[in-house]
Amino acid sequence: MGFEITEWKGRTRKVRGQFEGQQIEFEYRSHAYTAEESGKLIAEIIDEKRPFDERTAANIRMLADTIVDWNVEIHGEKLPVNIESISSLPSDLVWFLSELMTKDKEIAKKQNR
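Residues numbered from 1 in each chain as written. Predicted model: local features only at pLDDT ≥ 70, side-chain atom pairs only at ≥ 80, totals over all residues. Heavy atoms only, no water.

Asker: Quick one: what's the story with the overall build of the protein chain, residue by residue and with numbers?
Answerer: Helix and strand counts for the protein chain stand at four helices and five strands. N-terminal to C-terminal, the α/β element order of the protein chain is β-β-α-α-β-β-β-α-α. A globule of 113 residues ought to have a C-alpha radius of gyration of about 13 Å, and the protein chain, at 15 Å, matches this closely. In terms of overall dimensions, the protein chain has a C-alpha envelope of 50 × 35 × 25 Å along the principal axes. Going through the 113 residues of the protein chain one by one, you find that 32% of them count as buried. (Helix = DSSP H or I, 4+ residues; strand = E, 2+ residues; numbered from the N terminus. Rg over C-alpha atoms; globule rule 2.2 N^0.38 Å. Buried < 20%, exposed > 50% of the residue type's maximum accessible area, 1.4 Å probe, protein only.)

Following this line, the structure appears as structure tokens:
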């Protein structure tokens, strides 16, 4: 029997954290990108030579591509998970979401070894 990877694309993980005194929760696709796609996107996000707005735009794209559900609301209405909604969030929150996802991926890697 071979090593089957087909199921991985749709596999999700749930994450929660505290931001500004409120609980934020989201579910994301942990294997949304190929190695090549992931490498390019991560390079765009962490390359400090790039303008901050370009790095933020890459981060927003990554969050929009991977988050499938969250508890983010405005005026009691749940925001859809898309580039427009994520772009409307405070920058600190956008980067916090990314940090939570990164930490969760590190935990998952340790658990899978």
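From this point, the discussion proceeds with the structure in view.
Asker: Describe the layout of surface pockets, naming the residues involved and giving the relevant values.
Answerer: Of the pockets and cavities examined, the second largest pocket occupies roughly 250 Å³. Together, Phe19, Glu20, Gln22, Gln23, Ile24, Asn71, Val72, Glu73, Pro90 and Leu93 line the second largest pocket. Looking at side-chain class alone, the lining of the second largest pocket contains five nonpolar, three polar and two charged residues. (1 Å grid on protein atoms, 1.4 Å probe; cavity = no way out; pocket = protein on both sides within 12 Å on 5 of 7 lines; lining within 4 Å. Points joined across faces, edges and corners; volume = space filled by probe spheres on them. Nonpolar A, V, L, I, M, F, W, Y, C, P; charged D, E, K, R; others polar.)

Asker: Kindly report on helix α2 (residues 52–66), identifying the contributing residues and their values.
Answerer: Every α-helical turn comprises 3.6 residues, leaving residues that sit three or four positions apart pointing alike. The first and last C-alpha atoms of α2 sit 21 Å apart over 15 residues, in line with the 21 Å expected at 1.5 Å per residue. Within α2, the full set of buried residues consists of Arg55, Thr56, Ala58, Asn59, Ile60, Met62, Leu63, Ala64 and Thr66. (Expected span 1.5 Å × (residues − 1).)

Asker: How would you summarise the pairing of strand β1 (residues 12–19) if you had to cite specific residues and measurements?
Answerer: The pairing of β1 with strand β2 (residues 22–29) spans eight bridges and is classified as antiparallel. What sits directly across from Lys14, in β2, is Glu27. Hairpin connection from β1 to β2: two residues lie between these consecutive antiparallel strands, with Glu20 at a positive phi of about 50 degrees. (Pairing = 2+ DSSP bridges.)

Asker: Tell me what's going on with the environment of Glu54, and back it up with residues and numbers.
Answerer: Residue placement: Glu54 occurs in helix α2. Overall, the relative accessible area of 35% leaves Glu54 in the partly exposed class. Taking the C-alpha atoms as reference points, Glu54 and Gly17, 37 residues apart in sequence, are found 26 Å from one another.

Asker: I'd like to hear about the packing of α2 against helix α4 (residues 91–111), residue by residue, with values.
Answerer: Viewed as axis vectors pointing N to C, α2 and α4 meet at an angle of 55 degrees, and their least axial separation amounts to 10 Å. Classified by the interaxial angle, the pair formed by α2 and α4 is oblique. Here α2 and α4 pass one another in a crossing that is left-handed. The segment α2 lies against α4, with Phe52, Arg55, Thr56, Asn59, Ile60, Met62, Leu63 and Thr66 engaging Ser91, Val94, Trp95, Leu97, Ser98 and Met101. (Axes fitted to C-alpha atoms, helices over the stretch in contact; angles between N-to-C directions. Parallel < 35°, antiparallel > 145°, perpendicular 65-115°, else oblique. Left-handed = near helix turned anticlockwise from the far one by under 90°. Contact = heavy atoms within 4.5 Å.)

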